[in-house]
Amino acid sequence: MNVAARLRTYPQLGRVSNLPTIVTQAAAAIVVAGVAVDAADAVLVGSGLAAAYVAGMFLNDGFDREIDARVRPDRPIPAGLIDVREVFAAGGALLAFGTALLVAVAIGRGHLPQGLAGALALAASIVVYDAWHKGNPIAPVLMGLCRALVYVAVALVLAGGVPAFAAAAALAMLAYVSGLSEVARSTRAPWHGVLALFAAPVVLAAASLHAPVPIAGVVLACVLAGVVAVATRRSRSGASEPATVLLLAGLSLVDATLLAAYDHLVLATLAVVAMPLTRKLQRFVRGT
């Protein structure tokens, strides 16, 4: 495959339209780690997380190639746009690169054992989910772990430990992404349970372990609740994919509520802007 073909195919494989949500989660994870971070380390952490995310998307298509051939024949592998061996090689290389960047930051901060453990746990969660999510009843939880462990891994890399608010943020993200995954899997989801999962980040913003939540955090929590309500209505009417991509974009709002809880209003504002940016990008590259 020539360079021009790769430039068209790789963004589809990597679902790069969702990368703004990785940037906002990197920012939130750095903030809730509770330590001072210079620009260089912030860029390395963000780049490592972005590489790990894209790697996970590549590996997802690699493992799902037979199912995609039946239900999503337009995906790059069944469409014959790329060889599965190249997909696995690129995905594995990106995951190794992302892990190495996180470990490099941990070494620079004197937290090699903790940072290595966090980075490897994140990488392992990505591989386990990609390889074992089809037909797996706990797949929503596995998907949630991939996002939840971002907060844990970054805290271990930067601080050598996991502060209480970072742990709470991880649990809230685990709940939200589990609900998102349940919506993507079925329009007949147990809605009372799913809505309870989506409520977790809203509750976290309203009962912050860090400090009394400023008004911005409350407002953002309400906006997030509204996004969930719209997505719920769409999914229950049978529009599962539109609901899923909206909830994916809403990941940035989860991070915005966390950033607002720490009074980082500029970063929170940028995280809010990331949501419509993600929705715009999803018009060009499918988010699922």
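Residues numbered from 1 in each chain as written. Predicted model: local features only at pLDDT ≥ 70, side-chain atom pairs only at ≥ 80, totals over all residues. Heavy atoms only, no water.

**A word on the pattern of salt bridges**
According to the stated counting rule, one finds five salt bridges in the structure shown. For D61, the salt bridge identified is with R15, shortest N-O distance 2.6 Å. Pair noted here: D61 is in helix α3 (residues 39–63) and R15 is in the loop between α1 (3–14) and α2 (19–32), with a separation of 46 residues, a long-range link. The closest approach of N and O atoms between R286 and D74, which form a salt bridge, is 3.0 Å. With R286 in the segment after α13 (265–281) and D74 in the loop between α4 (65–71) and α5 (84–108), this pair connects stretches of sequence that are 212 residues apart. A residue is classified by how much of its surface remains accessible, and R286, at 32% relative accessible area, is partly exposed. The structure contains a network of salt bridges with shared partners spanning R15, D61 and R75. (Salt bridge = Lys/Arg side-chain N within 4 Å of Asp/Glu carboxyl O. Helix = DSSP H or I, 4+ residues; strand = E, 2+ residues; numbered from the N terminus. Buried < 20%, exposed > 50% of the residue type's maximum accessible area, 1.4 Å probe, protein only.)

**Some thoughts on unusual backbone geometry**
Positive phi values are uncommon outside glycine, yet R15 reaches one of about 45°. By relative accessible area, R15 is classed as buried at 4%. Not every positive phi belongs to a glycine, and D263 is a case in point at roughly 65°. With relative accessibility at 54%, the residue D263 sits in the exposed group.

**A word on the environment of A28**
For A28, the location among the structural elements is in helix α2. Through-space distance from the C-alpha of A28 to that of T257 is 9.2 Å; in sequence the pair is 229 residues apart.

**As for the nonpolar core**
Membership of the largest hydrophobic core comes to 75 residues, with the highest contact counts inside it found for L49, Y151 and Y176. When residues of this core are assigned to their parent elements, the largest contribution, 11 residues, is made by helix α7 (residues 139–159). (Core = buried A, V, L, I, M, F, W, Y, C linked by side-chain atoms within 4.5 Å.)

**Some details on α7**
Side chains that are three or four residues apart share a direction in an α-helix, a result of its 3.6 residues per turn. For α7, with 21 residues, the first-to-last C-alpha span of 30 Å sits near the 30 Å given by 1.5 Å per residue. Taken as a whole, α7 carries its principal kink of about 30° at A148. Counting buried positions over the 21 residues of α7 gives 16, a clear majority of the element. Two residues or fewer past α7, G160 is found with a positive phi of approximately 75°. (Expected span 1.5 Å × (residues − 1). Bend = angle between axes of the 7 residues up to and from the residue.)

**Here we look at empty space enclosed by the protein**
All chains considered together, the criterion is met by one cavity of 30 Å³ or more. In terms of lining residues, the largest cavity is bounded by G48, A52, L95, G98, T99, L102, A119, L122 and A123. The set of elements that each furnish at least two residues to the lining of the largest cavity consists of α3, α5 and α6 (112–132). Ranked by the residues each element gives to the lining of the largest cavity, the list is headed by α5, at four residues. Per-class residue counts for the lining of the largest cavity are six nonpolar, three polar and no charged. (1 Å grid on protein atoms, 1.4 Å probe; cavity = no way out; pocket = protein on both sides within 12 Å on 5 of 7 lines; lining within 4 Å. Points joined across faces, edges and corners; volume = space filled by probe spheres on them. Nonpolar A, V, L, I, M, F, W, Y, C, P; charged D, E, K, R; others polar.)

**Considerations on the layout of surface pockets**
Within this model, the largest pocket holds a volume of roughly 1000 Å³. As for the largest pocket, its lining consists of 41 residues, of which M57, N60, Y129, M143 and T288 are closest to the centre. Within the residue set of the lining of the largest pocket, elements represented by two or more residues are α2, α3, α4, α6, α7, α8 (164–185) and α11 (240–249). The greatest single-element share of the lining of the largest pocket, amounting to seven residues, is contributed by α3. A breakdown of the residues in the lining of the largest pocket according to their chemical character gives 19 nonpolar, 11 polar and 11 charged.

**Considering the packing of aromatic side chains**
Per the counting criterion, the structure on display carries three aromatic pairs. On the numbers, 5.2 Å between centres and 80° between planes, the contact of Y10 with F58 is edge-to-face. Residue Y10 is located in helix α1, and its partner F58 is located in helix α3; the two are separated by 48 residues in the primary sequence. (Phe/Tyr/Trp six-rings, centres within 6.5 Å; stacked < 30°, edge-to-face > 60°.)

**Thoughts on helix α12 (residues 251–261)**
Of all 11 residues in α12, 11 are buried, a share of seventy percent or more. Among all positions in α12, only L251, S252, L253, V254, D255, A256, T257, L258, L259, A260 and A261 are buried.

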